[in-house]
Each structure stands twice: as C-alpha cells, then as structure tokens.
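Notes for the structure review
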Amino acid sequence: MSSFFLDLRIALLSLFEHKRRTFLLGAAVATVTALLVLLNGLSAGIRQTLIETATTISTGHLNVGGFFKVTAGRGSPIVTDYQKVVEVVKREVPELDFSVPRGRGWGKIVSDSGSTQAGIGGIEIEHERDFKRIVQLSSGNFEDLAQPNTILLFESQIKKLQVKIGDAVTISAQTPRGVANTVDCRVVAIAKDIGLLSQWNVFVSSDSLRSLYQLRPDVTGAIHLHLHPKALKDLPRLAARLRTSLEHAGYRLMEPDPKPFFMKFQSVAREDWTGQKLDVTTWEDELSFMMWTLKALDGLTFILMLILMGIVVTGIMNTMWIAIRERTKEIGTLRAMGMQRGSVVRMFFLESLLLGIFGGVTGVTLGVSLAALLNAAHIHVPLTVQIFLMSDTLHLAVLPTAMLSALLLVAVVTGAASLFPSLRAARLKPVDAMSHFG
Amino acid sequence: MAIIVSIRNATKDYRLGKVLVPALRGVSLEVNSGEFLSIAGPSGSGKTTLLNLIGCVDTPTSGTVEVAGRNTAELGERALTRLRLYTIGFIFQSFNLVGVLDVFRNVELPLLLQRTLSSKERAERVHSLLDRVGLKEYSDHRPSELSGGQRQRVAIARALVTRPQLVLADEPTANLDSVTGQNILDLMRELNHADGTTFIFSTHDARVMSYANAVIRLADGKLSDTSDGGRATDAEVAELGHVSAGASQP
Ligand SMILES: Nc1ncnc2c1ncn2[C@@H]1O[C@H](COP(=O)(O)OP(=O)(O)O)[C@@H](O)[C@H]1O
Ligand SMILES: [Mg+2]
C-alpha cells in the first residue's frame, strides 16, 4: 500500500516539477476532451432534434396502425373504432405519456397555379401537444385547423402552389372503395420548412381527411403513442408487449415487420383476409427509410473521434517518451535500489493517468460550457443542413454519460500512452539506464 | 568469518559497435562480512564494472558472482531486484537522489519499496539515520538545496536505511572536495565499525584507499598479482596512502 503512495507521490511531484510540460500536455488533453464532448453533444443533439421532430410529426414513439380490408385485394391504412384501441393502450401501457390520433392519406393538392403530391395527415389540433412547438408557423394560426375543411402547408409547398392564407386548394385522392374523390380546403396556417419531412407532408383537419376518404368519425389512420423518456430505450420490447395485450383484448394483428406503413400496401393486398388488423411499430420502423442519416452521423462522429484520439495518443506518447528519456537515470537508480520493473511502469502510468484526469476534467468542464454557450446563441444552420437536421437551429445535447465516457476514454488513453515508453525504460538493465544521458 | 561476496573467474566484455572491449578479464575475489574494502585502480581499470557485478545491476560475460550465498546467474530479474532491495545498499558517485523528493522521502524510499515497516517505524529509522549523518535539520529540503557533501550524506543514509549486509560505493568522494571527502569516508568507516556492515568502495585516489582495512588493486581488468587474492599488504597501503596514519588509520 505504502508503495502505491510512493508512486502517487513521485507522480504528483513530477507533474508539479515540470509545470510547463504538465501545463501544455494538460491543455492538449483538455482541448481534445472538450472537442470530444462537443462532438458528442452535436451528434446527440442532432439525434434528439431529429427524433423529436420526426416522432412528433409523423409517428409517435410507438405507432398503432393497421389495415382494413373490404375485400381481400384492397387494403386501407386505417384503424376502425379507434377509441376502443386507445382504451386498451391506456390500460396496458403505463409508460404512456399521451396519445394522438392521426389520419393518413396520399393525394394531389391542386391550386389555381400549381399542384403537388403529398402525404396528408389528418390532425386533431386540440389534442396535439408538441406539434405546435415543433412546427413553427410563419403565418396563420393552429387554432383554425380545428375548423372543418382547413389545411396547413409548408413554405416550400406554398411556393409551388402560389397560395396564401385564406386561399382554397383542392385535394384529390382515391377512397378505399376505389372511387376518385375531392375535398376543398382553406389555407389557415403556413409553417416553416423542417427538412425532409416538410417536403412530402401537409396537415388537414381530421374531418377533411374523413370526408375525402368517406370514413366514419370513429376511424383514424394511426394512434401515435408518446412515452415517458425512460421507456424509450427498449421500444421493440414495448411494441411486442403491446401486440400481445391487443391480441388478448381480441384484436387481430399483422405480422411484425420493421417497415413504414406505406411500404406494406402490396404485402397486405396479397394476404388473404378481410376486416381490420392492427399493427404496432416503433418510430425507427416507420422512419427506417431515413435512418441512414443517423447512421451516417454516428459513423462520422466515430471517425472524428478516432482521429482526435489518434492525435492525443501520438502527442502524449511523444511527450511521455521525452519525459521518460529524461528520467532514465532516475529509473536506473530506482531499479538498482530494488524497484521492480512493474512498479516503474505503474509509476509512469499513474503520472500519465493523473494528467489525463486533470486534463479530462478541465476539458469536460470546458466542453459543457461551450455547448451551453452555443445553445444559448441559437445558431442558425444553412438550408442544406436543415433538410437533415429537421430544424433550423443548432442544438447540442451533452448527456452525463457522454461526459463520463469522454473523461474515461481520455484518462485511460492518456495513461496507456505512457505504457510503451515506460515499459522500454523499465526493461533496460539498471546500469544501462543509469549511464543514460539526456 | 562469513563470506558475503564470492567471485570466480569473472569476465566482462562490452560491445562498442563491432569491437569487444574487455573490461574485466578473469577476476576472482572473496569478501568477508564486515570488511571495509577498497577497490583501487586507475581510471578505466574496471572498478565500476566489478562493482556493478557485485551489486547485481549487471551480469558477467563469464564466471560466477555469488552475493550473500546466492549465485546471481541462477536468479531471475525479480529475484535479483529483491536481492538488491534487501541485501545491498548503493552509494553513487553522482549521488543519484530523486530530485522531486525531499531528503526525508529520499531516505525513506527503499523502506517504502520493502513494504515491511509501518510509517511510524520508517520515520524513526529515517530520522535516526539523518541524525547520524548530521542532516537532522535538513529532512524537508530538496536535494537541489544541498551541497555535494550533504547530498552524499543523504545517499549514505539512503543506502543504510534498510540495514543491508553490503554497501557498495563507486568513487563516493570523486565529486567532493577533499575535506568533504574525508568526512564522508570517516562517516562510512564509523558506520562500518558500529554496525559491522560490509563496505566496498572504489577509488583511484591513494588517500582514499588508505581508509580501507583491505585494498584490492585492479589494472586493465585484472587484479594485481599480489598475495591474498589481489589484496595489497598493509605496507603497500601505507606506501600508497600519503595521508598521515594518525588521522586516518583506525
Ligand atoms: N557501457 C560501456 N560500453 C563500452 N565500454 C565500456 C562501458 N563501460 C565501461 N566500458 C569500458 O570498460 C573499461 C572499464 O570501465 P570501468 O569499469 O568504467 O572502469 P573504471 O570504473 O575503473 O574507470 C573501460 O575501458 C571502459 O571504457
Ligand atoms: Mg568508474
């Protein structure tokens, strides 16, 4: 035990003795740690923004949807008598924060001067919670969406359709029975673009969608379940549990298939059944077509982290190399006096580890402060980035686990960088080490 | 009398590029416990090399080295390190103190490595040794704040703190002025007398040799051809040492 404190004491004193080197190395370690924290915060922030936006606009965390088939060959993505399904969900999913019904459709939106294809969300604005925060209006207001035959458009669609608040557009689509139908809607809200999702989405009051598709009032497209944050870690398990619960409640369920609903039309049409079947998916299933952005983000973060760590390891190894060379005579003396090789290595590892911890703690503090500053500055991102970010401002999310792991990683890597040079020095014969100059 | 060091036919060659430098060419030697022995010889004669072999910090090219009854060729690295830690104390020509530690910690260091004494026992041991080498007041000084003579006293205290059977000193006074050197030698001899610790020190200075109660002479990596395995007679020592006998001889 006392030998450990000897190592610790020599390590601390040596660090203190070489103030300049300690300071420079510590600063380098701190900088890299801060960069790691920022990088991680950026990646986590983008992920958070992306998930929040995407789940609020188009899926919820869990999505209870399904198909209703009038004949075996024709399926509509609807849930009939959805209030009963909501009852079951409320009873069986204690993790539930709130749920909202959404109509689903696909059609053509036509104005006097243009037209565009879009996914049509039927929304009950009075039941929405985060929607009004995530979707930012540039003109009009949300409340008007509660009125019949109203529509919310995004700015990019406004450009195509050349309309303004109060103008009418016509939506045309095919009903479940295969009949073409139209409905006229008044533009009551225009929202700022939010990346990919605003390219192919419009929102209409839910009754507009029902009249377009000639559906009864107890029909919706899907129920978005928003869960408490803690439950988000294991969504597939929750989805499976909810499936079982719904089956017990007497519902028929579709085979689990991690794909968005609009990719299931064909397989559903091939299956030989009629009536209602429910489907439970996670947001990752529904948005699997855009998960590549998150994967690319993770990959990029990982590569940048590797590069950063490579720089630290090389820098620290070099400096430790020089430091250990300078102290080869001291090592020889200690070895002659009876210090084992392992202790020599441990002594330098400890010194380096301490440096890593000091630098790391400083760096984490620095990184967290910088992230807070950047968030407070509400930095606007360029349009091309917005498409992937689904937000117009930069948001960094520094999670405690990221802070801890950056610190741990840096400390361990810094410590490890001393191993090679100190092992080499410890392996020298004591005489050779002692007669070492420089 | 117990034999503490026994060397048979030791040779040591250094490799300098492609050239083999023979530093020792067949040295045989026995040292009794409690001796105060000087290895004398001109610069380059192999004194340091021989002390390194005895101190188990280097290995012979051929021949055997036995220290405290252990054949060093049969010991692994860890065992050799332990042998040094528990049996041998080193005093170096250039002191080799650990610069970042104060005097107390420098002297305590071998005890910390041994891990046998409590911190209270260690403190007692260190303080009593610092007292004996006359550095009681200096225990919290850094080596850089001390004079050469004071540093070598610290080194002596450090070498003795584990109560080793054998203390090796390679030209312990070479970096000191002559008065300070004499003080150091007096101190070493006093400790040899009081505790019976075996001292082997090397020197090329005849006055320093005269402190020894036995001298072996090295030249060109060989012991001089004298009686008693290379040991000089008292007369030779007296002749070599130009120091007045009254001041230096026991
Ligand atoms: N590390 C070494 N490499 C090559 N030659 C050495 C080395 N150490 C000592 N020598 C040579 O070995 C001989 C004996 O050296 P040494 O034992 O240091 O003598 P001394 O201590 O009596 O001055 C000298 O010729 C010296 O040049
Ligand atoms: Mg020498």
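The numbering scheme is per chain: residues are counted from 1 as the chain's sequence reads. Ligands are numbered from 1 and chains lettered from A, in the order in which they are written. The model is predicted, so local features are restricted to residues of pLDDT at least 70 and side-chain atom pairs to those at 80 or more, both for listing and for counting; the totals for chains, interfaces and linings are taken over all residues. Heavy atoms throughout the structure, all of them, feed into the side-chain values; hydrogens and water do not.

Attention shifts here to the overall build of chain B. Runs of E in the DSSP output that reach at least two residues are strands. Runs of H or I that reach at least four are helices, and both are numbered from the N terminus. Helix and strand content of chain B: 10 helices and 10 strands. The contact rule is simple, with two residues in contact once any of their heavy atoms fall within 4.5 Å. The long-range fraction of contacts in chain B, counting pairs at least 24 apart against all pairs at least 6 apart in sequence, stands at 71%. Surface accessibility follows the Shrake-Rupley procedure with a 1.4 Å probe radius. Residue values consider only the protein chains on display as shielding. Counting every atom, chain B has about 10,900 Å² of accessible surface; 46% of that belongs to carbon and sulfur.

So, on to the site of ligand 1. All names here are of chain B. Being near a molecule or strand, for a residue, means having at least one of its heavy atoms within 4 Å of it. Taken together, Tyr-14, Leu-16, Ala-23, Pro-42, Ser-43, Gly-44, Ser-45, Gly-46, Lys-47, Thr-48 and Thr-49 are the residues near ligand 1. The separation between an oxygen atom of ligand 1 and a polar main-chain atom of Ser-45 is 3.2 Å. When ligand 1 is considered free in solution it has 550 Å² of accessible area, and contact with the protein chains removes 66% of it. Going through the elements one at a time, strand 1 (3-16) and helix 1 (47-54) are the ones with two or more residues in the shell around ligand 1. Residues are grouped as follows: nonpolar covers Ala, Val, Leu, Ile, Met, Phe, Trp, Tyr, Cys and Pro; charged covers Asp, Glu, Lys and Arg; every other residue, Gly included, is treated as polar. Broken down by class, the residue content of the shell around ligand 1 amounts to 4 nonpolar, 6 polar and 1 charged. Polar contact is the term for a pair of N or O atoms within 3.5 Å; when the atoms are in protein, one must be able to donate a hydrogen and the other to accept it, and sequence-neighboring residues count only if both atoms are side-chain atoms.

Once that is clear, we can look at a nonpolar patch on the surface. Residue and element names in this part refer to chain A. Together, Leu-300, Phe-302, Ile-303, Leu-304, Leu-306, Ile-307 and Ile-311 line one region of the surface with nonpolar side chains, adding up to about 700 Å² of accessible area. Note that Ile-311 resides in helix 11 (residues 291-326). Given a relative accessible area of 52%, Ile-311 falls into the exposed group. To count toward a patch, a residue needs a relative accessible area over 30% and no salt bridge; like charges are then connected within 9 Å, while nonpolar side chains (Val, Leu, Ile, Met, Phe, Trp, Tyr) are connected within 5 Å. By definition here, a salt bridge exists when the distance from a side-chain nitrogen of Lys or Arg to a carboxyl oxygen of Asp or Glu is within 4 Å. When a residue's accessible area, from a 1.4 Å probe over protein chains only, is under 20% of the maximum for its type it is buried; when over 50% it is exposed; and in between it is partly exposed.

Another aspect to go through is the packing of aromatic side chains. Residues and elements named next belong to chain A. Planes of paired rings set the category: under 30 degrees apart is stacked, over 60 is edge-to-face and the rest tilted, where pairs are Phe, Tyr or Trp rings (Trp by its six-membered ring) whose centres lie within 6.5 Å. Counting across every chain of the model gives 9 aromatic pairs over all chains. Considering the side-chain rings of Phe-67 and Phe-265, the 5.3 Å spacing of their centres and the 85° angle between planes classify their relative orientation as edge-to-face. With Phe-67 in strand 1 (residues 62-71) and Phe-265 in helix 9 (residues 265-270), the pair connects residues that are 198 residues apart, well separated along the chain. Residue Phe-67 is classed as buried on the basis of its relative accessible area of 2%. Considering the side-chain rings of Phe-131 and Phe-203, the 4.9 Å spacing of their centres and the 80° angle between planes classify their relative orientation as edge-to-face. Here Phe-131, found in helix 4 (residues 131-134), pairs with Phe-203, found in strand 10 (residues 201-205); they are 72 residues apart in sequence, far enough to count as distant. On the basis of relative accessibility, which here comes to 0%, the residue Phe-131 falls in the buried class. Accessibility expressed as a relative area gives 2% for Phe-203, which makes it buried.

Attention now goes to the interface of chain B and chain A. Contact with chain B, which involves 28 residues of that partner, is made by 24 residues of chain A. A quick way to say it: buried area is the sum, across both parts, of accessible area lost when two parts are put together, with a 1.4 Å probe. Both faces considered, chain B and chain A share a buried interface measuring about 2,400 Å² in area, 61% of it formed by carbon and sulfur atoms. Taken together, the connections running from chain B to chain A amount to 3 salt bridges. For Lys429(A), the salt bridge identified is with Asp58(B), shortest N-O distance 2.9 Å. Run the count over chain B and chain A and you get 8 residue pairs in polar contact (both at pLDDT 80 or more). The residue makeup of the side of chain B that touches chain A, split by class, is 11 nonpolar, 5 polar and 12 charged.

It is worth spelling out the nonpolar core at this point. Judged by nonpolar contacts, the single largest core of 50 residues is most densely connected at Val64(A), Leu152(A), Leu225(A), Leu227(A) and Leu246(A). Two domains share this core, each providing at least three of its residues, namely domain 1 (2-53 + 290-434) and domain 2 (59-286) of chain A. With residues near it in sequence (within four places) discarded, Leu246(A) still touches Val64(A), Val85(A), Val88(A), Tyr251(A), Leu253(A), Leu278(A) and Val280(A). Among the nonpolar cores identified, the runner-up in size contains 42 residues, and Met309(A), Val312(A), Ala425(A) and Leu85(B) belong to it. Side-chain atoms within 4.5 Å are what join buried Ala, Val, Leu, Ile, Met, Phe, Trp, Tyr and Cys residues into a set we call a nonpolar core. Boundaries of every domain are those given by an automatic assignment or by a domain database.

What follows is about the sheet that holds strand 7 (residues 166-170) of chain B. Residue and element names in this part refer to chain B. We treat two strands as partners when DSSP finds at least two bridges between them. With respect to topology, 6 strands assemble into an open sheet ordered 6-7-8-3-9-10, the strand pairing being mixed. On the outer flanks of this sheet lie strand 6 (88-91) and strand 10 (222-223), each paired with one strand and no other. Pairing of strand 7 with strand 8 (residues 198-203) involves 5 bridges; the strand directions are parallel. Along strand 8, the bridge assignment pairs Ala-169 with Phe-201. Fitted lines through C-alpha atoms give the axes, limited to the stretch in contact for helices. The angle between two N-to-C directions lies from 0 to 180 degrees. Of the strands in this sheet, strand 3 (36-40), strand 7 and strand 8 touch helix 6 (residues 178-195), which is tilted by about 155° from strand 8.

Residue and element names in this part refer to chain B. Two elements, strand 3 and strand 9 (residues 214-219), share 4 bridges in a ladder whose sense is parallel. Bridging from a neighbouring strand, Ser-38 pairs with Val-215 of strand 9. Taking the residues that link successive antiparallel strands as the turn, the strand 9-strand 10 hairpin has 2 residues, and the phi of Asp-220 there is positive, at about 55°.

With that settled, consider the sheet that holds strand 2 (residues 19-32) of chain B. Across the sheet, which stays open at both edges, the 4 strands sit in the order 2-1-4-5 (chain B) with antiparallel pairing between neighbours. Bordering the open sheet on either side are strand 2 and strand 5 (70-71) of chain B, each of which pairs with just one other strand.

Below, the discussion takes up the pairing of strand 7 of chain B. All names here are of chain B. With 5 of its 5 residues buried, strand 7 lies for the most part within the structure. Residue alternation in strand 7 divides its side chains into two sets, Leu-166, Leu-168 and Asp-170 and Val-167 and Ala-169, and both sets are buried. Pairing of strand 6 with strand 7 involves 4 bridges; the strand directions are parallel. What sits directly across from Phe-90, in strand 7, is Leu-168.

So, on to the domain arrangement of chain A. All names here are of chain A. We note that the domain assignment places domain 1 (2-53 + 290-434) and domain 2 (59-286) within chain A. Its C-alpha centre places domain 1 at a distance of 47 Å from the equivalent point of domain 2. Each partner contributes residues to the interface: domain 1 has 9 residues there, and domain 2 has 11 residues. With both sides pooled, the region where domain 1 packs onto domain 2 buries about 1,000 Å², and carbon together with sulfur makes up 71% of that total. Seen at the junction of domain 1 and domain 2, the total is 1 salt bridge. When the shortest N-O distance is used, the salt bridge between Arg-133 and Glu-52 registers 3.0 Å. Contributing elements (two or more residues each) for the side of domain 1 that touches domain 2: helix 2 (19-59), helix 11 and helix 14 (383-389). In the side of domain 1 that touches domain 2, the residues fall into 5 nonpolar, 2 polar and 2 charged.

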